[in-house]
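# Descriptive structure summary
Chain by chain, the residues:
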Amino acid sequence: MKHFFTFLTCLFLAVQLQAQNEFNYDESKVPQFTLPNPLVLSGGKKVKSVKVWEKKRRPEIFRLFEEQVYGKIPAGLKMTSFKVVEQSDHVFNGLARRKQVEMVLQKDGRELLVYLLIYLPQTVEKAPLFVGYNFYGNHTIADDAEIMLTQSWVANNPSFGIINNQITEQSRGVRTNRWPVKMILESGYGLATMYYGDVDPDRNNFSDGVHPFAYLYGQTQPRANEWGAISAWAWGLTQAMDYFETDPDIDASKVAVMGHSRLGKASLWAGAVDQRFAVVISNNSGCGGAALSRRRFGETVQRINTAFPHWFCTNFKAYNDNENNLPVDQHELIALIAPRPVYIASAEQDRWADPKGEYLSGHYASPVYQLYGMEGLPSADMPPLHQPIMNRIGYHIREGVHDVTDYDWQQFIRFADKHLFGK
Ligand code: GTR
């Protein structure tokens, strides 16, 4: 049986690789394109002041991302209650305190339960914090027997023992490699994480997760300009932020939102939607995240909308093989985060996510940071491997594959130290 699942996993990966081979990885075949200018109003006037950017241009760009890319998050939808359901003052040999918070959304007889796992350093009274989603449940991120198991739908992953879309004890601690909890705590930061499927299971099914809570009578899926899954995940992060503001042990003015891959797309969008996030970090976020869509390098809009039809809003499908008609590109997502610090991380072998396109988004967002007198990524040339840039827009590319490594976290911590504490 075990061999059979290993075989299936290999087959799946082989099919994925085969599919990815059909895409462009040749820099000389990147098409010529013109990006929309973040500092020109839709009427053609140049934006020359922070005031005009904030009052006019930023709202224009924001609305385009809402309507055409991720879909609108319903206004006023908020968790009904927060409750600390478990806590301990002595975790990891006294290094940390732990809290598990149940966030409940109740409406019209429906109920959604989302669980926040929070570790706080013992040495800090009001802790700054990294918050990020995990892919397979809170219990995967640390060797900690007290972490509660999610009951939500989880994508099958036989190598983690997840076979009936339900997690078991077998997957406890299987993702500790991506979450250097001790390093984060020893650096003086707390860490909060949630399972993204608690908010919205990652499958093409709009009758589960948070979506139905916003339907009008008889509605069964979001309208063309309404939220897809990435917007739903961004909404979940804003709800966690609401909780942080109520917790006296957390410094809600120093929260860095971090996400990897599809969850990096969600962290960038959350950073745009909710300006309470003081630092925004995307790791290997690729297409629909930091990477410029018009480059069509690696994953394309058409491919992502086909493989993951539920991630973006329906309107986004109009740009399949039609990127030049997009009224925005992803550099403007980065610009929406200005003047707050934003960090983009790439991996050399993660060509599917287009490292150069990820870098260039930061570069082309830089004029907006300059308007605030801040330095983004002034050079059009990417830095070499392992030479992070720590300006108000930060960037690194490391060797290796699509993943989150200790190296990545070391840079995120340095970046937060610099921009939150001037260290
Ligand atoms: C891939 C997808 C990417 C990225 C990745 C992930 O299959 O094509 O856009 O989101 O999944 O989230 O791991």
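Remember, predicted model here, so these are calculated numbers, not experimental data.

### So, the sheet that holds strand E1 (residues 81-91)
One open sheet accounts for 10 strands, arranged E1-E2-E3-E5-E4-E6-E7-E8-E10-E9; its pairing is mixed. Strand pairing shows two members of the sheet lacking a second neighbour, E1 and strand E9 (389-390), which therefore form its edges. Pairing analysis gives four bridges linking strand E7 (residues 279-283) to strand E8 (residues 342-347), with the strands arranged parallel. Within the sheet, the bridge partner assigned to isoleucine 281 lies in E8 and is tyrosine 343. The sheet contacts of helix H5 (residues 229-246) involve E1, strand E2 (96-107), strand E3 (110-121), strand E4 (127-134), strand E5 (190-195) and strand E6 (250-260), and relative to E6 the element is tilted by about 160 degrees. Lying over the sheet, helix H9 (residues 355-371) contacts E8, E9 and strand E10 (393-398), oriented at roughly 165 degrees with respect to E10.

### Some points on the packing of helix H2 (residues 50-70) against helix H6 (residues 262-273)
Axis separation between H2 and H6 bottoms out at 11 Å; the angle between their running directions is 140 degrees. Taken together, the axes of H2 and H6 lie oblique to each other. Pair H2 / H6 crosses with left-handed handedness. Packed against H2, whose contacting residues are Arg58, Phe62, Phe65, Glu66 and Tyr70, the element H6 presents Trp269, Ala272 and Val273 at the interface.

### Overview of H2
The first and last C-alpha atoms of H2 sit only 25 Å apart over 21 residues, clearly below the 30 Å expected at 1.5 Å per residue. At arginine 57, H2 is deflected by roughly 40 degrees, the largest bend along its length, and proline proline 59 occurs up to four residues later in sequence. Within H2, burial applies to Trp53, Arg57, Arg58, Glu60, Ile61, Phe62, Phe65, Glu66, Gln68, Val69 and Tyr70. Where the residues of H2 are buried, they touch H5, H6, helix H8 (331-335) and H9. Downstream of H2 by one or two residues, glycine 71 has phi in the positive range, about 90 degrees.

### Concerning helix H10 (residues 406-421)
Taking 1.5 Å per residue, 16 residues should reach 22 Å; H10 reaches 21 Å between its end C-alpha atoms and fits that length. All buried positions along H10 are accounted for by Asp408, Trp409, Gln411, Phe412, Ile413, Phe415, Ala416, Asp417, His419 and Leu420. Once H10 finishes, glycine 422 follows within two positions and takes phi at roughly 65 degrees, a positive value.

### Describing empty space enclosed by the protein
The full count for this structure, using the stated rule, is three cavities of 30 Å³ or more. Volume-wise, the largest cavity comes out at about 90 Å³. As for the largest cavity, its lining consists of Tyr133, Asn134, Phe135, Thr140, Arg175, Arg178, Trp179, Met258, Gly259, His260, Val404 and Trp409. Those elements giving two or more residues to the lining of the largest cavity turn out to be E4 and E6. Ranked by residue count, the leading element in the lining of the largest cavity is E6, at three residues. Grouping the amino acids of the lining of the largest cavity by side-chain chemistry returns six nonpolar, four polar and two charged.

### Side note on the site of the ligand
The environment of the ligand is made up of 10 residues, and the closest members are Ser261, Arg262, Lys265, Glu299 and Trp352. At a separation of 2.5 Å, an oxygen atom of the ligand approaches a polar side-chain atom of glutamate 299. When the ligand is considered free in solution it has 310 Å² of accessible area, and contact with the protein chains removes 88% of it. For the shell around the ligand, the per-class residue count stands at four nonpolar, three polar and three charged.

### Side note on the side chain of lysine 99
Here lysine 99 shows up in strand E2. Engagement of the side chain of lysine 99 in a polar contact is seen with the side chain of aspartate 249, the distance being 2.8 Å. With residues near it in sequence (within four places) discarded, lysine 99 still touches Val84, Glu86, Gln87, Leu116, Leu117, Ile118, Leu120, Tyr243, Asp247 and Asp249.

### A look at the packing of aromatic side chains
Evaluated as defined, the whole model comprises 27 aromatic pairs. When the ring of phenylalanine 23 is compared with that of tryptophan 352, the centres are 5.3 Å apart and the planes differ by 80 degrees; the resulting orientation is edge-to-face. You can see phenylalanine 23 sitting in the loop between helix H1 (2-21) and H2 and its partner tryptophan 352 sitting in the loop between E8 and H9, a full 329 residues away along the chain. Three or more aromatic residues joined by ring pairs make a cluster, and in this case those are Phe130, Trp179, Tyr189, Tyr343, Trp409, Phe412, Phe415 and Phe421. The ring of phenylalanine 213 carries the charged tip of arginine 110 above its face, separated from the ring centre by 5.7 Å.

### Some remarks on the pattern of salt bridges
Taken as a whole, this structure holds 27 salt bridges when the rule is applied. Ionic pairing is found between glutamate 86 and arginine 98, a salt bridge with its closest N-O pair at 2.6 Å. With glutamate 86 in strand E1 and arginine 98 in strand E2, the pair connects residues that are 12 residues apart, well separated along the chain. The pair formed by glutamate 86 and arginine 98 is uniform in burial state, with each residue classed as buried. With a closest N to O distance of 2.9 Å, glutamate 169 and arginine 172 form a salt bridge. Glutamate 169 gets classed as partly exposed once you look at its relative accessible area, which sits at 48%. Connected through shared salt-bridge partners, Lys78, Asp242, Glu245, Asp274 and Arg276 make up one network.

### Remarks on a positive patch on the surface
On the surface, Lys45, Lys51, Lys55 and Lys56 cluster together to form a positively charged patch. Structurally, the position occupied by lysine 45 is in the loop between H1 and H2. When its relative accessible area of 63% is taken as the criterion, lysine 45 is described as exposed.

About the cut-offs
- Residues numbered from 1 in each chain as written.
- Predicted model: local features only at pLDDT ≥ 70, side-chain atom pairs only at ≥ 80, totals over all residues.
- Heavy atoms only, no water.
- Pairing = 2+ DSSP bridges.
- Helix = DSSP H or I, 4+ residues; strand = E, 2+ residues; numbered from the N terminus.
- Contact = heavy atoms within 4.5 Å.
- Axes fitted to C-alpha atoms, helices over the stretch in contact; angles between N-to-C directions.
- Parallel < 35°, antiparallel > 145°, perpendicular 65-115°, else oblique.
- Left-handed = near helix turned anticlockwise from the far one by under 90°.
- Expected span 1.5 Å × (residues − 1).
- Bend = angle between axes of the 7 residues up to and from the residue.
- Buried < 20%, exposed > 50% of the residue type's maximum accessible area, 1.4 Å probe, protein only.
- 1 Å grid on protein atoms, 1.4 Å probe; cavity = no way out; pocket = protein on both sides within 12 Å on 5 of 7 lines; lining within 4 Å.
- Points joined across faces, edges and corners; volume = space filled by probe spheres on them.
- Nonpolar A, V, L, I, M, F, W, Y, C, P; charged D, E, K, R; others polar.
- Near = heavy atom within 4 Å.
- Polar contact = N/O pair within 3.5 Å; in protein donor to acceptor, adjacent residues only side chain to side chain.
- Areas by Shrake-Rupley, 256 points an atom, 1.4 Å probe, with all protein chains shown as cover.
- Phe/Tyr/Trp six-rings, centres within 6.5 Å; stacked < 30°, edge-to-face > 60°.
- Lys NZ or Arg CZ within 6 Å of the ring centre and 35° of its normal.
- Salt bridge = Lys/Arg side-chain N within 4 Å of Asp/Glu carboxyl O.
- Patch = residues over 30% accessible without salt bridge, like charges linked within 9 Å, V, L, I, M, F, W, Y side chains within 5 Å.
- Lys, Arg positive; Asp, Glu negative; His and termini not counted.
- Charge placed at Lys NZ, Arg CZ, Asp CG, Glu CD.

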